[in-house]
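Below are the chains, spelled out letter by letter.
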Number of protein chains: 2
Amino acid sequence: MADQAFVTLATNESYARGAMVLGKSLRNHNTTKKLVALVGPHVSEPCQSVLKRIFDEVRVVDVLDSGDTAHLAMMKRPDLGVTFTKLHCWTLTHYSKCVFMDADTLVLSNIDELLEREELSAAPDPGWPDCFNSGVFVFSPSNETYAKLLQHCTEHGSFDGGDQGVLNSFFNTWATADISKHLPFIYNLSSIAIYTYLPAFKQYGGNAKVVHFLGKTKPWSYTFDPKAKQISGSVHEATAHPTFLLDWWTLYSSAVVPLLQEQYGDQPFHSGCVEVKKHNHPKSSFKHITSTALLQFTTLVTTRAEASWLFSSKVMNGTRWFSFLFL
Amino acid sequence: MADQAFVTLATNESYARGAMVLGKSLRNHNTTKKLVALVGPHVSEPCQSVLKRIFDEVRVVDVLDSGDTAHLAMMKRPDLGVTFTKLHCWTLTHYSKCVFMDADTLVLSNIDELLEREELSAAPDPGWPDCFNSGVFVFSPSNETYAKLLQHCTEHGSFDGGDQGVLNSFFNTWATADISKHLPFIYNLSSIAIYTYLPAFKQYGGNAKVVHFLGKTKPWSYTFDPKAKQISGSVHEATAHPTFLLDWWTLYSSAVVPLLQEQYGDQPFHSGCVEVKKHNHPKSSFKHITSTALLQFTTLVTTRAEASWLFSSKVMNGTRWFSFLFL
């Protein structure tokens, strides 16, 4: 149906790149729905141009400039700026139903079936599982709901300072009312779940349809060597989901960076892709492990006090090998 | 109704003490249900005697000695010993309905209303929220279900090596079929949730009815000074929920230790209660904070590289103060 859409939000340059990768991942899995990007007022012109090549609709949302109830709400709760921008998705009333997806999510298979669900459908948050995670949710655009949400925001604020707190206290029967509004966790698989219950991730994680790079460190916080297919980062940026991260960077470097290069032309810009020089540090060590052992090992990596690390993956003789280099 | 019960399991001396505290906490909150303790064959005579003074029924379960289908199942899957012992609760067919509670849980208010739920009702596991946590669940004793569970165990094993994996793959429609079988998270509040989504804990944690001391470090892993109301432990045993831990130790030292002392008589036994000597270490520092600041602070404590710490709490001029002493 043409009146259904996937919607995301890019509040700055970094999140705009996340949105581009998300859009490309939806296209690659042959979505039949429209793609919409809400864009904060500070996203640059070249980034907006690239977004327009991937998304059907790119809408700049400047809450402070709107002169409407959102502006008034924002004056009362200036701390909730990004939240108000996100809530703007309810004004997309030319669509009957939408799925909102945070720009730090990545689609791993076709998920058009989500549009068969009703508002407000979402997956549980692993931090407090009676709350839903607001990184992926099904909603029905409506100016009436939008107005009520703004009113709720100004009256009650947000218990967590963001949109998840607002949406959970507004849609406060999610945990108890209707099981069909509980999206399976594989539609919003947060990285944290890999740490906290590894056997369940091994049992069910293979069916993941959407991965959500929760936490402070986002895919775009790393750098990537496209030739060596190698991700690098400091130990603070170690990750529990290097294969998902590699999926993200592979898609970004192959399908998004060329579009950015076209738009930026001769202007310099930081793509995050760099050629990593070979390290001959005496303390260096390569660990080759199979995918079965990978998950336990990444948990180990994240607790090591090493200064920094490199991660890469390649297939040799039909077996996928993972390499960690501690610098 | 007399044919309903709370059931717990004590596999060894330590868990037996947990079971005693759990039983006392249920009694203190005026449960009208029966209390049943399943006991592993290695729990000592004095411990069994104390359990009999708190519980209506204490049943020793020795799977290897049972000579029945459980014995046969155990021969095929010796790794699942404790799991088979726990599954034994389904044989309590003189009760129509029961709530199973792990011995590392503590009841904070009357929870008899759980018996109005149907099998299998349980709260989500924060590690993988499409799985239920098997630390608290409602079930209907039945020899038929018991036989099917044993068969399932021997055929499929357990994806996490314990009862939670078995029960989740047996009752595999929990995540999708019936919202009334999702117990609110406050009936099985795992310590891990306090870390991972602190604002939600602050918003909803005050309504906690059952706290579950998940993880390797159990309440009985610490020591306690009843006079000073002071818990001590090494940094590896730092906790995100010192007030719940204090609740546990206060109940244990006041209501359980006297029963143990009566049973052990002149025999020596380790109660975990010790008088802590005053520390005059030059690096010592007391931090006094109000309960509002406590939670952020405990997160900080657990990441400090201090060798060990003490925690205490007291009310002065109507305000509760918390003290941390880093040794």
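Residues numbered from 1 in each chain as written. Chains lettered and ligands numbered in written order. Predicted model: local features only at pLDDT ≥ 70, side-chain atom pairs only at ≥ 80, totals over all residues. Heavy atoms only, no water.

Chain A has the name glycogenin glucosyltransferase in an unreviewed UniProt entry, where Labrus bergylta is given as its organism. UniProt, in its Cofactor (unreviewed entry) section for chain A, records the words "Mn(2+)". Among the UniProt annotations of chain A, the heading Subcellular location (unreviewed entry) holds the following wording: "Cytoplasm". (UniProt positions renumbered as here; feature names shortened; annotations may be inferred.)

(A) Looking closely at the overall build of chain A. Regarding its fold elements, chain A presents 10 helices and 14 strands. In chain A, the proportion of contacts linking residues at least 24 apart, taken out of those at least 6 apart, comes to 71%. By element, 51% of the accessible surface of chain A is carried by carbon and sulfur atoms, the whole surface being about 13,800 Å². (Helix = DSSP H or I, 4+ residues; strand = E, 2+ residues; numbered from the N terminus. Contact = heavy atoms within 4.5 Å. Areas by Shrake-Rupley, 256 points an atom, 1.4 Å probe, with all protein chains shown as cover.)

(B) Focus on the pairing of strand β7 (residues 132–139) of chain B. Residue and element names in this part refer to chain B. In terms of burial, β7 is largely enclosed, as 8 of its 8 residues are buried. Across 3 bridges, the pairing between strand β6 (residues 121–124) and β7 is antiparallel. Of the residues in β7, the one forming a bridge with A122 is F137. (Buried < 20%, exposed > 50% of the residue type's maximum accessible area, 1.4 Å probe, protein only. Pairing = 2+ DSSP bridges.)

(C) Here's a closer look at the relation of the copies chain B and chain A. Superposition of chain B onto chain A requires a rotation of 180 degrees combined with a translation of 0.0 Å along the rotation axis, giving an RMSD of 0.0 Å. Accordingly, the operation relating the two chain copies is best matched by a two-fold axis. Taken together, the interface assignments show that 100% of the residues at the interface of chain B recur at the interface of chain A, consistent with an identical surface on both copies. (Least-squares fit on C-alpha atoms with pLDDT ≥ 70 in both.)

(D) Structural view of the confidence of the model for chain A. Residue and element names in this part refer to chain A. Within chain A, residue pLDDT values average 83, and 79% of them lie at 70 or more. Low pLDDT, under 50, characterises residues 280–308; the predicted model gives this stretch 66 contacts beyond four residues in sequence or across chains. Reported confidence for the predicted complex is 0.83 by ipTM and 0.85 by pTM. (pLDDT = per-residue confidence, 0-100.)

(E) Representation of the packing of aromatic side chains in the model. Tallying each qualifying case throughout the model produces 40 aromatic pairs over all chains. Taking 5.6 Å as the distance between ring centres and 15 degrees as the angle between the ring planes, the aromatic pair formed by W90 of chain A and F137 of chain A counts as stacked. Of the two residues, W90 of chain A is situated in the loop between α4 (81–87) and β4 (97–101) and F137 of chain A in strand β7 (residues 132–139); the sequence distance between them amounts to 47 residues. Owing to a relative accessible area of 0%, W90 of chain A belongs among the buried residues under this scheme. Ring plane angle 20 degrees and centroid distance 6.0 Å describe the contact between W90 of chain B and F171 of chain B, whose orientation is recorded as stacked. Of this pair, W90 of chain B sits in the loop between α4 (81–87) and β4 (97–101) while F171 of chain B sits in the loop between α6 (163–170) and β8 (189–190), placing them 81 residues apart in sequence. (Phe/Tyr/Trp six-rings, centres within 6.5 Å; stacked < 30°, edge-to-face > 60°.)

(F) A look at the interface of chain B and chain A. On the chain A side, the residues contacting the 33 residues of chain B number 33 residues. On the chain B side of the contact with chain A, W128, I179 and Y197 of chain B bury the most area, a combined 30% of that side's loss. Connecting chain B to chain A are 0 salt bridges. At the junction of chain B with chain A, the criterion picks out 6 residue pairs in polar contact (both at pLDDT 80 or more). Looking at the side of chain B that touches chain A, the elements with two or more residues in it are α6, α7 (192–196) and α8 (198–204) of chain B. (Buried area = accessible area lost by both parts, 1.4 Å probe. Salt bridge = Lys/Arg side-chain N within 4 Å of Asp/Glu carboxyl O. Polar contact = N/O pair within 3.5 Å; in protein donor to acceptor, adjacent residues only side chain to side chain.)

(G) Examining the layout of surface pockets more closely. Residue and element names in this part refer to chain B. Approximately 740 Å³ is the volume found for the second largest pocket. Around the second largest pocket sit 31 residues that line it, and D102, D163, Q164, H212 and L214 are the ones nearest its centre. Sorting the residues of the lining of the second largest pocket by element identifies β1 (4–10), α4, β7 and α6 as the ones contributing at least two each. (1 Å grid on protein atoms, 1.4 Å probe; cavity = no way out; pocket = protein on both sides within 12 Å on 5 of 7 lines; lining within 4 Å. Points joined across faces, edges and corners; volume = space filled by probe spheres on them.)

(H) Molecular detail of the sheet that holds strand β5 (residues 105–107) of chain B. Residues and elements named next belong to chain B. The 3 strands are arranged β5-β9-β8 in an open sheet whose pairing can be described as mixed. Strands with a single pairing partner mark the edges of an open sheet, and in this sheet they are β5 and β8. Sheet topology note: the β8/strand β9 (residues 210–212) ladder contains 2 bridges and is parallel. Of the residues in β9, the one forming a bridge with L189 is V211.

(I) Quick peek at helix α2 (residues 45–54) of chain A. With 7 of its 10 residues buried, α2 of chain A lies for the most part within the structure. Among the residues of α2 of chain A, P46, C47, Q48, S49, V50, L51 and I54 of chain A are the ones counted as buried.

(J) Layout of the environment of W220 of chain A. All names here are of chain A. Relative to the assigned elements, W220 resides in the loop between β9 (210–212) and β10 (223–225). Each C-alpha atom of the pair W220 and E155 lies 35 Å from the other, and the pair is 65 residues apart in sequence. Excluding residues within four positions of it along the chain, W220 makes contact with S14, Y15, G18, A103, D104, W248 and W249.

(K) Structural detail: the packing of helix α3 (residues 69–76) of chain B against helix α5 (residues 143–156) of chain B. All names here are of chain B. Relative to each other, α3 and α5 sit at 15 degrees, their axes nearing to 9 Å. Here α3 lies roughly parallel to α5, going by the angle between them. Of the two possible hands of crossing, α3 and α5 adopt the one that is left-handed. Residue-level contacts link T69, A70, A73 and K76 of α3 to Y146, L150 and T154 of α5. By residue class, the composition of the contact of α3 with α5 is 4 nonpolar, 2 polar and 1 charged. (Axes fitted to C-alpha atoms, helices over the stretch in contact; angles between N-to-C directions. Parallel < 35°, antiparallel > 145°, perpendicular 65-115°, else oblique. Left-handed = near helix turned anticlockwise from the far one by under 90°. Nonpolar A, V, L, I, M, F, W, Y, C, P; charged D, E, K, R; others polar.)

(L) Examining the pattern of salt bridges more closely. Following the criterion strictly, the structure yields 18 salt bridges over all chains and no others. One connected set of salt bridges, linked through shared partners, spans K86, D102 and D163 of chain A.

(M) Structural detail: the domain arrangement of chain A. Residue and element names in this part refer to chain A. Assigned domains of chain A: these are domain 1 (4–185) and domain 2 (221–326). The interface is formed by 17 residues belonging to domain 1 together with 16 residues belonging to domain 2. Taken as a group, R17, V21 and R53 account for 40% of the area that domain 1 buries against domain 2, more than any other trio of residues on that side. Inspection of the region where domain 1 meets domain 2 yields 1 salt bridge. A salt bridge links R53 to E262; its shortest N-O distance comes to 2.9 Å. Put simply, domain 1 and domain 2 have 4 residue pairs in polar contact (both at pLDDT 80 or more) between them. Its residues placed into classes, the side of domain 1 that touches domain 2 shows 8 nonpolar, 5 polar and 4 charged. (Domains from an automatic or database assignment.)

(N) Structural detail: the environment of I231 of chain B. Residues and elements named next belong to chain B. Of note, I231 is situated in strand β11 (residues 230–234). For I231, a relative accessible area of 1% gives the class buried. Sequence separation between I231 and L245 is 14 residues; the distance between their C-alpha atoms is 8.3 Å.

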